[in-house]
Amino acid sequence: AISGTLVVASILLIIFRGFHFGIDFAGGTTLQFQPNPGETISTTEVAQVVTSATGVEPDAVQTVGTQIEVSSSTLTVTQVVAAKGALNQKYAPTSGVSDSAVSETWGSEISQRALLAVVVFIIAVAAFLWIRYERRSAVGAVVSVLHDLVITAGIYSLSGFEVTPATVIGLLTILGFSLYDTVVV
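Residues numbered from 1 in each chain as written. Predicted model: local features only at pLDDT ≥ 70, side-chain atom pairs only at ≥ 80, totals over all residues. Heavy atoms only, no water.

Across the protein, pLDDT averages 88, with 99% of residues at or above 70. Summarising per-element confidence for the protein, the mean pLDDT is lowest in helix α2 (residues 23-26) (79) and highest in helix α1 (residues 2-16) (95). (pLDDT = per-residue confidence, 0-100. Helix = DSSP H or I, 4+ residues; strand = E, 2+ residues; numbered from the N terminus.)

What follows is the structure, encoded as structure tokens:
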């Protein structure tokens, strides 16, 4: 009953709340810089600097390790130059401000390929288990793996964390450990 409730809740979260995709999947522009040693920088202030320079409000400004990372929708070259200039003028980071961009087309293609890879993997595992072991065991193993993935994805949707390639790697790791636990152990 608890497991069923968690699966249903996870599916509802995925359907109605969805995921917060990073620029690798949704497309966009990221600006990064390393603050000078001892300098405390407010992410709200960084967002205001970027907004005033580009006219576009960033989707997220966060501290990643020791760097400040600004993520936004796709910016034009002029907007990127203006944002980098404003950040360099305001904070004068010694290593400067770097930028990277991913197009929306590329991001959606990567998302589709990642989802397709997981589906093909699960089908291949189910076929192997169906041939190698009893049919009931194969069905139980696949349901167990899907259970673990759906609940993990539901928790990720609930938390609102950004979905990045590292997230996909984490889900694939969970998938691998779940399958190992089910089949080998």
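Next up on the list: helix α7 (residues 165-183). With 19 residues, α7 ought to run about 27 Å at 1.5 Å a step, and its terminal C-alpha atoms sit 27 Å apart, in line with that. Turning to α7, its buried residues number three or more, namely Thr-167, Leu-175, Ser-178 and Leu-179. Angularly, the buried residues of α7 cover 115° about the axis, an arc narrow enough to put them on a single face. Set apart from the buried face of α7 by more than 90 degrees, the exposed residues are Ala-166, Ile-169 and Phe-177. Buried positions along α7 lie against α5 (104-132), α6 (135-159) and β6 (162-163). (Expected span 1.5 Å × (residues − 1). Buried < 20%, exposed > 50% of the residue type's maximum accessible area, 1.4 Å probe, protein only. Arc of directions from axis to C-beta. Contact = heavy atoms within 4.5 Å.)

Now for the side chain of Thr-29. Within the fold, Thr-29 resides in strand β2 (residues 28-33). Only 3.0 Å separates the side chain of Thr-29 from the backbone nitrogen of Leu-75, close enough to count as a polar contact. Apart from residues no more than four positions distant in its own chain, Thr-29 is found in contact with Ile-23, Val-70, Ser-71, Ser-72, Ser-73, Thr-74, Leu-75, Val-80, Ser-100 and Ala-101. (Polar contact = N/O pair within 3.5 Å; in protein donor to acceptor, adjacent residues only side chain to side chain.)

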